[in-house]
Amino acid sequence: AQSVTQLDSHVSVSEGTPVLLRCNYSSSYSPSLFWYVQHPNKGLQLLLKYTSAATLVKGINGFEAEFKKSETSFHLTKPSAHMSDAAEYFCVVSDIIGNDMRFGAGTRLTVKP
Amino acid sequence: GAVVSQHPSWVICKSGTSVKIECRSLDFQATTMFWYRQFPKQSLMLMATSNEGSKATYEQGVEKDKFLINHASLTLSTLTVTSAHPEDSSFYICSADRTGTETQYFGPGTRLLVL
């Protein structure tokens, strides 16, 4: 069994300041981990994924995440928030071939001007 | 690349009618597709896994006779909500597993409103 916990349901930052969205996972085997972003009334867009290669993963739009096995974490970061980053973010865990995906509850990111 | 489409994007229907939602992978083949349901301000819930040429695998608590899934080709899966009721109103999202990438690519979603 596997699951993810997104530690914050809502994060609010000012434009130009760093973003940190926290995610902890639980998995009985080597997982694949993903971050997806969902803008209002839209589908999900893949930001980045970790699949047992480099532990620091760079994604689109300046986002990156670091896989820390000792902490079972996969936090999403961005050095400088932009207004267009305001959205819902989902941390997702799956098995190594991308099946059995389990979604976190989501973190709503608000960016203040 | 890796574009997934859904049709229709939104649908309003009367209670008791059936609604079919299509999910297509436009530029790749997908042996496996997935159907999710998302309630307002909540995360996605996996409903079923659809494999081309075989029966879908449903998650616990999902009625297979209520939500009929057909995966007739490597680029198309359909979800039919039979005898829809207001409680079936939701946002339905499909995803397609792009072979060799271990990544699911998501469609834009279909918003269903049952009156």
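Everything below is about the structure shown above.
Residues numbered from 1 in each chain as written. Chains lettered and ligands numbered in written order. Predicted model: local features only at pLDDT ≥ 70, side-chain atom pairs only at ≥ 80, totals over all residues. Heavy atoms only, no water.

Asks: Help me understand the interface of chain B and chain A in this model?
Replies: Size of an interface, as often reported, equals the accessible area lost when the parts are brought together. Counting residues at the interface gives 18 residues for chain B and 19 residues for chain A. Here chain B meets chain A over a buried area of about 1500 Å², counting both sides, of which 51% is carbon and sulfur. By the criterion of area lost to chain A, the three top residues of chain B are B:Ser43, B:Glu102 and B:Phe106, representing 32% of everything that side buries. Taken together, chain B and chain A are joined by 1 salt bridge. There are 2 residue pairs in polar contact (both at pLDDT 80 or more) connecting chain B and chain A. Of all elements in the fold, only β4 (32-38), β9 (90-98) and β10 (103-106) of chain B reach the threshold of two or more residues within the side of chain B that touches chain A. Considering only residue class, the side of chain B that touches chain A consists of 7 nonpolar, 7 polar and 4 charged. (Contact = heavy atoms within 4.5 Å. Buried area = accessible area lost by both parts, 1.4 Å probe. Salt bridge = Lys/Arg side-chain N within 4 Å of Asp/Glu carboxyl O. Polar contact = N/O pair within 3.5 Å; in protein donor to acceptor, adjacent residues only side chain to side chain. Helix = DSSP H or I, 4+ residues; strand = E, 2+ residues; numbered from the N terminus. Nonpolar A, V, L, I, M, F, W, Y, C, P; charged D, E, K, R; others polar.)

Asks: Please clarify how the pattern of salt bridges should be interpreted in this entry.
Replies: When their charged atoms lie close together, side chains carrying opposite charge are able to pair. Counted by the stated rule, this structure contains 7 salt bridges over all chains. One salt bridge connects A:Glu64 with A:Lys58, and the closest N-O pair in it is separated by 2.8 Å. Classification of A:Lys58 by relative accessible area gives exposed; the value is 64%. Note that B:Lys66 and B:Asp88 form a salt bridge whose closest N and O atoms lie 2.7 Å from each other. (Buried < 20%, exposed > 50% of the residue type's maximum accessible area, 1.4 Å probe, protein only.)

Asks: Got a minute to help me understand the packing of aromatic side chains in this structure?
Replies: By convention here, two paired aromatic rings are described through the distance between centres and the angle between planes. Residue and element names in this part refer to chain A. For the coordinates displayed, the defined rule picks out 12 aromatic pairs over all chains. Plain terms: the ring middles of phenylalanine 90 and phenylalanine 103 are 6.3 Å apart, the flat faces sit at 75° to each other, and that makes the pair edge-to-face. In this pair, phenylalanine 90 sits in strand β10 (residues 87-94) while phenylalanine 103 sits in strand β11 (residues 102-103), placing the two residues 13 residues apart along the sequence. Given a relative accessible area of 0%, phenylalanine 90 falls into the buried group. Phenylalanine 103 gets classed as buried once you look at its relative accessible area, which sits at 14%. (Phe/Tyr/Trp six-rings, centres within 6.5 Å; stacked < 30°, edge-to-face > 60°.)

Asks: Help me understand the environment of B:Phe39, please; the structure alone is not making it clear to me.
Replies: All names here are of chain B. Counting through the fold element by element, phenylalanine 39 comes out in the loop between β4 and β5 (44-51). Judged by relative accessible area, phenylalanine 39 falls into the partly exposed class, the value being 31%. With sequence-adjacent residues up to four places away left out, phenylalanine 39 is seen in contact with Ser89 and Ser90.

Asks: I would appreciate a short explanation of the state of the cysteines in the present structure.
Replies: What we call a disulfide is simply a covalent bond connecting the sulfur atoms of a pair of cysteines. All names here are of chain A. Using the criterion set out here, one finds 2 disulfides over all chains in the structure. Note on cysteine connectivity: cysteine 23 is disulfide-linked to cysteine 91, with sulfurs 2.0 Å apart. Disulfide cysteine 23-cysteine 91: torsion about the S-S bond near -65°, hence left-handed. Taken as a pair, cysteine 23 in strand β4 (residues 23-26) and cysteine 91 in strand β10 lie far apart in primary sequence, 68 residues in all. (Disulfide = S-S within 2.5 Å.)

Asks: Could you clarify how one ought to interpret the pairing of strand β9 (residues 73-78) of chain A in this entry?
Replies: Working note: regular strand, side chains alternate between the two faces of the sheet. Residue and element names in this part refer to chain A. Bridge count for strand β3 (residues 19-21) against β9 is 3 bridges, and the pairing is antiparallel. Bridged to leucine 20 within β9 is threonine 77. Sheet topology note: the strand β8 (residues 64-68)/β9 ladder contains 5 bridges and is antiparallel. If you follow alanine 65 over to β9, its bridge partner there is leucine 76. Two successive antiparallel strands, β8 and β9, enclose a turn made up of 4 residues, where threonine 72 displays a positive phi of approximately 45°. (Pairing = 2+ DSSP bridges.)

Asks: In this structure, what is going on with the nonpolar core? I would like to understand it.
Replies: As a rule of thumb, nonpolar side chains are buried together in soluble globular proteins. Formed by 26 residues in total, the largest nonpolar core has its most connected members in A:Trp35, A:Leu48, A:Leu76 and A:Tyr89. Look past the residues within four positions of A:Leu76 in its chain and what remains in contact with it is A:Val19, A:Leu20, A:Leu21, A:Trp35, A:Leu47, A:Leu48, A:Phe63, A:Glu64, A:Ala65 and A:Tyr89. Among the nonpolar cores identified, the runner-up in size contains 25 residues, and B:Val4, B:Met33, B:Trp35 and B:Phe67 belong to it. (Core = buried A, V, L, I, M, F, W, Y, C linked by side-chain atoms within 4.5 Å.)

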